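# Observations on the three-dimensional arrangement
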Amino acid sequence: MSLLNIFSRRGSAPVARERLQLIIAHERADHGRSDLVVILREEILAVIAKHVAIEPDKVQIKVERGEGVSTLGLDIELPLPAAARLTAARTETAAKAKQAVAA
Amino acid sequence: MSKVLVVTSGKGGVGKTTTTAALGAAIAQSGSSVCVVDFDVGLRNLDLVMGAERRVVYDLINVVNGDAKLAQALIRDKRLDKLALLPASQTRDKDALTDAGVARVMEELREKFDWVICDSPAGIERGATLAMRHADMAVVVTNPEVSSVRDSDRIIGLLDSKTIKAEKGETLEKHLILTRYDPNRADRGDMLKVEDVLEILSIPLLAIIPESEEVLRASNVGCPVTLNNPLSAPARAYADAVRRLQGEAVPMSVPSDRKSFLGKFFTRRAA
Ligand SMILES: Nc1ncnc2c1ncn2[C@@H]1O[C@H](COP(=O)(O)OP(=O)(O)OP(=O)(O)O)[C@@H](O)[C@H]1O
Ligand SMILES: [Mg+2]
């Protein structure tokens, strides 16, 4: 019996266990991520589209997993007229809010 | 209140059909009425394991399509009058099952039986999701082996997302049956440990079913193992599973087929 055999007498189960834990951690992350990102993307798109005309492919959503925290990054490219309206709308709401407070 | 239970696994050939038949017969023996339903359209097997293959006239698809009444398709077991089978068809296309049709049939089954046990096809596609769709609880059948545990993890993900219960935001009760467990291989350290599988899948253990030739013997004669040889190790393990499903606290063990001391000595040597 070789030295290797003596060591491997622990059996192959621990190796199976380690491999499984790795595969499953990866797969859970993949599935969890893709599902959540798809849902978030659709819902965020719907909210924005109610107010501004945007092109769906100009919206990027990224989830990045770090050590302690994960971040959700949102990158939306607005068409020029919409961008202008967006700033206009903001001043208008601000004005309305002021009026409401005054009343 | 009737219970719909799906027996599922992802991976094929791990023991779903064996488990469906064994649990069905054991529940019927305990006095509750049960219908076992074969969702494995195109590869029907449950009728064979139950020994009812020659009595199949109508099947699940006929009932779903409205070509036959449920009562016409149900096959009452000859040994246990509380046990019935709704067979699958051998030839037809599985796309023949419509969502609405299946929903109607499941509702009708709920009215007639205390327990409805759905034998899922392998895989993670429509056949498997249709079998689990209406379930109140699931038995995930797993072998102590890397690919089986991995597929079980995928199936657990589907149980938590594709079932009506999950969609309503309710929790679906899930239980693990670890089957084809071989104590000799476990002793040698060549099989995933029960604790390892439980830690990875993190669902409660319902039973450990030992690898046993009694399972093959039972399927040869077309009789659920719990009925064919109730004293055999797998039958006792399945009977304990049923008692646990019914709320009894039964200590967990791995039953073994009793062998003489000499017999044990020789099998150990041979291993
Ligand atoms: N505890 C056991 N001991 C020995 N053999 C077993 C045991 N459980 C199942 N088997 C055998 O394993 C094989 C597959 O079992 P079964 O048909 O129940 O699996 P399945 O999951 O329904 O397969 P499929 O995915 O093809 O529907 C059969 O030959 C059966 O006899
Ligand atoms: Mg099967």
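Per an unreviewed UniProt entry, chain B is named Septum site-determining protein MinD, and its organism is Methylobacterium soli. According to its UniProt record, chain B has this under Subunit (unreviewed entry): "Interacts with MinC and FtsZ." In its Function (unreviewed entry) section, the UniProt entry covering chain B states "ATPase required for the correct placement of the division site. Cell division inhibitors MinC and MinD act in concert to form an inhibitor capable of blocking formation of the polar Z ring septums. Rapidly oscillates between the poles of the cell to destabilize FtsZ filaments that have formed before they mature into polar Z rings."

The name given to chain A in an unreviewed UniProt entry is Cell division topological specificity factor, with the source organism recorded as Methylobacterium soli. UniProt annotates chain A under Sequence similarities (unreviewed entry) with the comment "Belongs to the MinE family." Comment text from UniProt for chain A, heading Function (unreviewed entry), reads "Prevents the cell division inhibition by proteins MinC and MinD at internal division sites while permitting inhibition at polar sites. This ensures cell division at the proper site by restricting the formation of a division septum at the midpoint of the long axis of the cell."

This brings us to the pairing of strand 8 (residues 205-210) of chain B. Residue and element names in this part refer to chain B. Of all six residues that make up strand 8, six are buried, and the element is covered over most of its length. With five bridges joining them, strand 7 (residues 173-181) and strand 8 adopt parallel strand pairing. By the bridge assignment for strand 8, Tyr 181 is matched with Pro 210.

Right, let's talk about empty space enclosed by the protein for a bit. Empty space among the atoms becomes apparent when a probe as large as a water molecule is rolled across them. All names here are of chain B. Across all of its chains, the model carries two cavities of 30 Å³ or more by this definition. In this structure, the second largest cavity occupies an estimated 60 Å³ of space. Along its surface, the second largest cavity is lined by Thr 18, Val 49, Val 215, Ala 218, Ser 219, Cys 223, Pro 224 and Val 225. Sorting elements by how many residues they give to the lining of the second largest cavity places helix 11 (residues 213-221) first, with three residues.

Residue and element names in this part refer to chain B. Summarizing the sequence annotation, UniProt attributes the feature "binding site: ATP" (unreviewed entry) to Lys 11, Gly 12, Gly 13, Val 14, Gly 15, Lys 16, Thr 17 and Thr 18 in the numbering used throughout. Set against the second largest cavity, the annotated residues named above that line it are Thr 18. Structurally, the position occupied by Gly 13 is in the loop between strand 1 (3-8) and helix 1 (16-29). Look at Gly 13 and you get exposed, because its relative accessible area is 67%. Not counting the four nearest positions on each side in its chain, Gly 13 is found in contact with Asn 143 and Arg 180. By the element assignment, Thr 17 lies in helix 1. In this structure, Thr 17 is in contact with Asn 45, Leu 46, Val 49 and Asp 119, ignoring residues within four places of it in sequence.

With 14 residues of chain B in contact, the opposing surface of chain A contributes 16 residues. Summed over the three residues of chain B that lose the most area to chain A, namely B:Val146, B:Arg150 and B:Ile200, the buried surface amounts to 40% of that side. Viewed at the interface, chain A and chain B are joined by three salt bridges. Ionic pairing is found between B:Asp196 and A:Arg17, a salt bridge with its closest N-O pair at 2.8 Å. Across the chain B-chain A interface, the total number found is seven residue pairs in polar contact (both at pLDDT 80 or more).

What counts as what
Residues numbered from 1 in each chain as written. Chains lettered and ligands numbered in written order. Predicted model: local features only at pLDDT ≥ 70, side-chain atom pairs only at ≥ 80, totals over all residues. Heavy atoms only, no water. UniProt positions renumbered as here; feature names shortened; annotations may be inferred. Buried < 20%, exposed > 50% of the residue type's maximum accessible area, 1.4 Å probe, protein only. Helix = DSSP H or I, 4+ residues; strand = E, 2+ residues; numbered from the N terminus. Pairing = 2+ DSSP bridges. 1 Å grid on protein atoms, 1.4 Å probe; cavity = no way out; pocket = protein on both sides within 12 Å on 5 of 7 lines; lining within 4 Å. Points joined across faces, edges and corners; volume = space filled by probe spheres on them. Contact = heavy atoms within 4.5 Å. Buried area = accessible area lost by both parts, 1.4 Å probe. Salt bridge = Lys/Arg side-chain N within 4 Å of Asp/Glu carboxyl O. Polar contact = N/O pair within 3.5 Å; in protein donor to acceptor, adjacent residues only side chain to side chain.

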